[in-house]
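Chain residues, written in single-letter form:
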Amino acid sequence: MFLDLFGPLKTVIFLLKNYWWIVTPFLLFFIALEAWYSYKKEEYLLSIKWVLLEIKPPPDVQKSPKIAENIFAGLHAAYISPVTWKERFFNGKVQPWFSFEIVGNGGELGFYIRTPEGLRSLVESQIFAQYPDAEIRITDDYVDTLPEYLPNDDYDLWGTELIFTKPDAYPIKTYPFFEEDKGKDEFVRTDPLAPLAETMSSLEPGEHIWVQLLIRGTSDAWAKEAKTEVDKLIGKEPKIESDILSKTVDFIDKLLPGGAPAVEEKKKEEPSLMKLTGGQRLVLEQVENKISQLGFKSGYRFIYLARKDRFHGVHISAVTGFFKQFYLNNLNSFKPNKNTWTLDKGWFYRLFPLDKGFGYKKNEFNKKWNIFQNYKKRSFVDKYIILSVEELATLFHLPGIGVKAPAFPRVESKKGQPPAGLPIG
């Protein structure tokens, strides 16, 4: 039996040895094709001029994070149509994306948006429309204040990219769950960003927490696919369509003498919403609410960097706890993407008492180096998730006056508009 395992391997070796001259041209063709596409894509990305905008919140934001939904809905205008295969192959074109960043550097907080220069006016107009008293300015990249390559002898880091625990159709816990209706148009709001702001404010000099939300517009194809989840929730069996070949075979089979008799379809009981429990209705309502909104292909990247003598793992736990607050039973939540998680057990780790196998240090170093470089470049994630405008507004908005974290940046005073007809000269 053991020798039988080498049968297929011997066949492959035989074919490669005797027919390599047939396989090699095809192999080289696909390698050259991939190399060409990678080259054109990199060339296109290098041609994009980026700007980093720093946003200072107004001194008295009293509105709900809901107004941030309008910002993201407006930015969806950057998506016009899918990139065609010709544009990808000959020009390396990709859909434009934005990077929304919340940054804590040694106790100081900052809000940033990185955008292609051609879309800068779109970003600024959307922000000023919702936060008229905010300040926006072009700034130098804060990433450049640290060494170019990390980790090194002085700095260490921990990071990961986040993905969903469930299909994209299921939303996370969004800002309406953080608001309590007191009646007479009065609300008690708990800002979802408050825990993150407090954690960043507690950082010491030499410590950094960077959170990066990458988004690019997409079509409504994801919503159409997500409707299958709605069918599952209400107990409706998904409709399976037969392909042309299956339909042809069934048709011929019915015509031939002695063919299989037609199977009578049993009447199935129609699913009823009345049979759903309260929890099931809530899930169905939230899924349908997400499907009804504009969606973005999104990536969430988080890094904690610090000098080795000031590296505190408790801050990693604090940020992880920040993401945990968006969990709601039966809905969606975040989890680390293990391919980007900067922890690694190495090879054959099960053979070792501490679960640290061969090469784990090298693997961890490579993962840390990769996530830091991807953060610096604002590279779009390989494994994206779909976030609605409501979810995006929950994860990134200008915090209200209820967030009183130390060193929180705000515009010092309101600025009025000059009167119309003011003479210039």
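Residues numbered from 1 in each chain as written. Predicted model: local features only at pLDDT ≥ 70, side-chain atom pairs only at ≥ 80, totals over all residues. Heavy atoms only, no water.

S.K.: For the overall build of the protein, give the residues involved together with the corresponding values.
M.R.: Helix and strand counts for the protein stand at 11 helices and 11 strands. Within the protein, buried positions represent 41% of all 425 residues. Summing over all exposed atoms, the protein offers an accessible surface of approximately 25,900 Å²; the carbon and sulfur share of this is 58%. (Helix = DSSP H or I, 4+ residues; strand = E, 2+ residues; numbered from the N terminus. Buried < 20%, exposed > 50% of the residue type's maximum accessible area, 1.4 Å probe, protein only. Areas by Shrake-Rupley, 256 points an atom, 1.4 Å probe, with all protein chains shown as cover.)

S.K.: Can you tell me about the packing of helix α6 (residues 221–233) against helix α8 (residues 278–291), naming the residues and giving the values?
M.R.: Taken N-terminus to C-terminus, the directions of α6 and α8 make an angle of 170°; their axes are 10 Å apart at the nearest point. Between α6 and α8, the interaxial angle falls into the category roughly antiparallel. Taking contact as the criterion, the partners of Trp 222, Ala 223, Ala 226, Lys 227, Val 230 and Leu 233 in α6 are, on α8, Val 283, Leu 284, Val 287, Glu 288, Lys 290 and Ile 291. Along the lines of polarity and charge, the residues of the contact of α6 with α8 split into 9 nonpolar, no polar and 3 charged. (Axes fitted to C-alpha atoms, helices over the stretch in contact; angles between N-to-C directions. Parallel < 35°, antiparallel > 145°, perpendicular 65-115°, else oblique. Contact = heavy atoms within 4.5 Å. Nonpolar A, V, L, I, M, F, W, Y, C, P; charged D, E, K, R; others polar.)

S.K.: Tell me about α6, and name the residues and values.
M.R.: Three- or four-residue spacings in an α-helix give side chains the same orientation, since the helix completes a turn every 3.6 residues. Among all positions of α6, only Trp 222, Ala 223, Ala 226, Glu 229 and Val 230 are buried. Along the axis of α6, the buried positions cluster into a sector of 105°, meaning they face one direction only. Seen from the open side of α6, the exposed residues pointing more than 90 degrees away from its buried face are Lys 224, Glu 225 and Lys 232. As for α6, its buried residues are in contact with α8, β9 (295–307) and β11 (385–388). (Arc of directions from axis to C-beta.)

S.K.: So what's going on with the packing of aromatic side chains? Which residues, and what values?
M.R.: Applying the stated criterion across every chain, the model contains 26 aromatic pairs. Consider the rings of Tyr 142 and Trp 210, whose centres lie 5.2 Å apart with planes at 75°: the pair is edge-to-face. With a gap of 68 residues between them, Tyr 142 in the loop between β4 (135–138) and β5 (155–164) and Trp 210 in strand β8 (residues 207–217) connect regions that are remote in the sequence. Given the relative accessible area of 6%, Tyr 142 is considered buried. A relative accessible area of 0% places Trp 210 in the buried class. Within the aromatic cluster, the residues linked to one another by ring pairs are Trp 158, Phe 164, Phe 178, Tyr 300, Phe 302, Phe 322, Phe 323, Phe 326 and Phe 334. Across from the ring centre of Tyr 170, 5.4 Å away, lies the NZ or CZ of Lys 166, which sits over that ring. In this arrangement the basic side chain of Lys 173 is found over the ring face of Phe 178, its NZ or CZ atom lying 4.9 Å from the centre. (Phe/Tyr/Trp six-rings, centres within 6.5 Å; stacked < 30°, edge-to-face > 60°. Lys NZ or Arg CZ within 6 Å of the ring centre and 35° of its normal.)

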